[in-house]
Amino acid sequence: MNAGVGKKLATGIAAVTNNHALFCHSVKFRQETNRSNPQTQDFGSALPYEAIPGPKPVPLIGNFWRFLPLIGSYPRDNQVELVKKLKKRYGKIIKLSSLPGRPDIVIVCDPKDFEKIYRTEGIWPKRDAMPSYKYYRDHVRNDFFDGVGSMVTEQGREWHSIRNVANTPMLNPKVASKYIQPINEVASDFVERMTRIRGRDEMLPATFSNELNKWALESVALLAMDTRLGCLDDPESPESSDAHRLVEAVLTMMKLTYDLDVSPSPMSAFRRKEFNRAVDVQIDISMKYINRCVERISRKEGESSETQSILEHVLTTSNKTVACVVAIDMLHAGIDTTARSMENALVHLSTNSRAQRCLREELKLVLPEVDSPVSQEDVLKLPYLKACIKESMRITPTAIGSLREVGKDVVLSGYQIPKGTVVAMYHVEASNSPEEFPEPQKYLPERWLRDSEEAGRGDRAYAPSARNANPFSFLPFGFGPRACIGQRFANLEMEILLAKKMEGDV
Ligand code: HEM
């Protein structure tokens, strides 16, 4: 398994310069924060924008050279390391200016500033993301997309119209409950596959991260295409199968999104062609299953919308192009993120035998029958399981930060930030800050349990409650109207797989 947990940047829509963002972890927190007014300092009396600390641009070449090998101070640093270095040198707010072809970026690390930023975003938050995919849609395959924008890349009214179509089924708990059984089946197949692929020494293969991508794709295909693809089949699907081609296409696209949008090079023209081919495959395969679904809908006219699947709902309220765009958004945003978050949780647990014991104890009580399906009610009775996942996402979030264009003039860390400035909120800094989470590097799921009695039970550790932290310091799925639309499903997929995996190990 990958040892570099925490250093991974989610590609897809994730990771600040590659553009991901986050969501609040409890309704209670949301109500509490609504009561306070984060705008405490008057704009006019704040320090000017120009005075924000940060690397000073050199005449003609700006700040670009700082990221070059040999001469730069931050050559090819991953973003977590880069921000740590910048924060140590300049403080909690840093301005990165004079980067070729990019606007200034203001980096912030303080959760109090995150709240102020999210409070300015209004009903149509702006988060620029994946320019390569946008270019493909607007210029390469405009014939197919015909102006339909994607949730991940669009802004303003265009973003709102596609997000609205997807919100209705994806945020409906009754629709989600229809997926519990198939998500269970995918998880059981994956646990069986884990047993098959273990070596004689019982170790998982070095390709285990890729196996998790297959599990995440198999789960997302349920939502996006109403189908089981067969990514976990034994014997493996042939190279010409949809499962094989889609895994390759999604992984290629995710890798090239990073190369093209974050780290462009002289090879970019060749990579763009490969990128375009990878999206072509996703369109072909998604459309095949969307067409099948259209036939199914025509056979069962008159069904209530509550019994419809997400895809059926999108097709009956919109059209096939919109359904395909939503499906591709899910493929982009729902695979790498869920697979990496699951991998991180497994790594944290594998190195923490006490947490493993506590989790098994809880599972034995709630799910005495190994192999029985995990229901939504079961999950509600498994607070330690949920806490294990949360704690892993706190220490090693897959989306390390989030971009926004500020919607109003705002004061951040005492400096004026004019409306329209691009800010990068580094959530990973806040969720690992000792001010918010004492002993931040310690994996203590107990932080997330509701009361101290529960925390002290059996082998459980006493831990400082996460409830004392600023609610904006832990936002693994973003915040506000642009928060992750797949959060409910991602959590269900991870909870059910983790429960089945740990149960099976007893
Ligand atoms: C553990 C897994 C996941 C994590 C950590 C994650 C995290 C995020 C984050 C941080 C954002 C940006 C939110 C913002 O800017 O405030 C986001 C957006 C998004 N996520 Fe997820 N996500 C996960 C799984 C999924 C899944 C399974 C799906 C789909 C089935 C999905 C679909 C999306 C989409 C479409 C967006 C863009 C929403 C928009 O801009 O309107 N995500 N996700």
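Residues numbered from 1 in each chain as written. Predicted model: local features only at pLDDT ≥ 70, side-chain atom pairs only at ≥ 80, totals over all residues. Heavy atoms only, no water.

- The protein carries the name Probable cytochrome P450 49a1 isoform X3 in an unreviewed UniProt entry, which gives Neodiprion lecontei as its organism.
- Note on the protein: under the UniProt heading Function (unreviewed entry), the record states "May be involved in the metabolism of insect hormones and in the breakdown of synthetic insecticides."
- UniProt lists a comment for the protein under the heading Cofactor (unreviewed entry), and it reads "heme". (UniProt positions renumbered as here; feature names shortened; annotations may be inferred.)

**Topic: the overall build of the protein**
Argument step 1. Summing up its helical and strand segments, the protein has 20 helices and six strands in all.
Argument step 2. Counting over 506 residues, the protein shows a buried share of 57%.
Argument step 3. Long-range pairs, those at least 24 residues apart, make up 74% of the contacts in the protein between residues at least 6 apart in sequence.
Argument step 4. Surface accessibility of the protein: about 22200 Å² in total, with carbon and sulfur atoms responsible for 53%. (Helix = DSSP H or I, 4+ residues; strand = E, 2+ residues; numbered from the N terminus. Buried < 20%, exposed > 50% of the residue type's maximum accessible area, 1.4 Å probe, protein only. Contact = heavy atoms within 4.5 Å. Areas by Shrake-Rupley, 256 points an atom, 1.4 Å probe, with all protein chains shown as cover.)

**Quick notes on the nonpolar core**
Argument step 1. Judged by nonpolar contacts, the single largest core of 110 residues is most densely connected at Tyr133, Trp215, Ile310, Leu359 and Leu498.
Argument step 2. Here Ile310 is in contact with Pro169, Met170, Val175, Tyr179, Leu223, Met330 and Phe489, once residues within four sequence places are set aside.
Argument step 3. Core analysis: the next-biggest nonpolar cluster, separate from the first, contains 19 residues, Phe114, Ile117, Ile417 and Met425 among them. (Core = buried A, V, L, I, M, F, W, Y, C linked by side-chain atoms within 4.5 Å.)

**Some remarks on the pattern of salt bridges**
Argument step 1. Throughout the structure, instances matching the rule amount to 32 salt bridges.
Argument step 2. In this structure, the salt-bridge partner of Glu429 is Lys87, at a minimum N-O distance of 2.8 Å. Taken together, the residues Glu429 in helix α18 (residues 427–431) and Lys87 in helix α2 (residues 79–90) connect sequence positions 342 residues apart.
Argument step 3. Among the salt bridges present, the one from Arg228 reaches Asp189, with a minimum N-O distance of 2.7 Å. Of this pair, Arg228 sits in the loop between α9 (208–225) and α10 (242–262) while Asp189 sits in helix α8 (residues 180–197), placing them 39 residues apart in sequence.
Argument step 4. Of the residues examined, Arg228 reaches a relative accessible area of 32% and is grouped as partly exposed. (Salt bridge = Lys/Arg side-chain N within 4 Å of Asp/Glu carboxyl O.)

**Focus: the packing of aromatic side chains**
Argument step 1. Taken as a whole and assessed by the stated rule, the structure comprises 10 aromatic pairs.
Argument step 2. Considering the side-chain rings of Tyr136 and Phe145, the 6.1 Å spacing of their centres and the 75 degrees angle between planes classify their relative orientation as edge-to-face. As far as the burial class goes, Tyr136 and Phe145 line up, both buried.
Argument step 3. Here Phe144 and Phe145 contribute two aromatic rings whose centre-to-centre distance is 5.0 Å and whose plane-to-plane angle is 90 degrees, an arrangement assigned as edge-to-face. (Phe/Tyr/Trp six-rings, centres within 6.5 Å; stacked < 30°, edge-to-face > 60°.)

**A word on the coordination of the iron atom of the ligand**
Argument step 1. Counting protein donors around the iron atom of the ligand gives one, Cys484 (SG), at 2.3 Å.
Argument step 2. Assignment of secondary structure puts Cys484 in the loop between α19 (452–456) and α20 (487–504). (Donors = N, O, S within 2.8 Å, 3.2 Å for Na, K, Ca; no water.)

**With respect to unusual backbone geometry**
Argument step 1. Of the consecutive residues Asp234 and Pro235, the connecting peptide bond is found in the cis state with omega at 0 degrees.
Argument step 2. Summarising the element assignment, Pro235 is placed in the loop between α9 and α10.
Argument step 3. A positive phi angle, near 45 degrees, is found at Met130, a position not held by glycine.
Argument step 4. Take Met130: it is sitting in the loop between α3 (111–120) and α4 (131–140).
Argument step 5. The backbone of Asp146 sits at a positive phi, close to 50 degrees, despite the residue not being glycine.
Argument step 6. Tracing the backbone shows Asp146 in the loop between α5 (142–145) and α6 (156–170).

**Comments concerning the sheet that holds strand β1 (residues 93–96)**
Remark on secondary structure: sheet strands pair via backbone hydrogen bonds, oriented parallel or antiparallel.
Argument step 1. In spatial order, the strands read β1-β2-β6-β3; together these four strands make up an open sheet with mixed pairing. Bordering the open sheet on either side are β1 and β3 (402–405), each of which pairs with just one other strand. On average, each strand axis in the sheet is inclined to that of its neighbour by 25 degrees, with strand direction left out of account.
Argument step 2. With four bridges joining them, strand β2 (residues 105–108) and strand β6 (residues 422–425) adopt parallel strand pairing. Residue pairing across strands places Ile107 opposite Ala424, the latter belonging to β6.
Argument step 3. Each of β1 and β2 is contacted by α2, which is oriented at about 110 degrees to β1, the strand it contacts most. (Pairing = 2+ DSSP bridges. Axes fitted to C-alpha atoms, helices over the stretch in contact; angles between N-to-C directions.)

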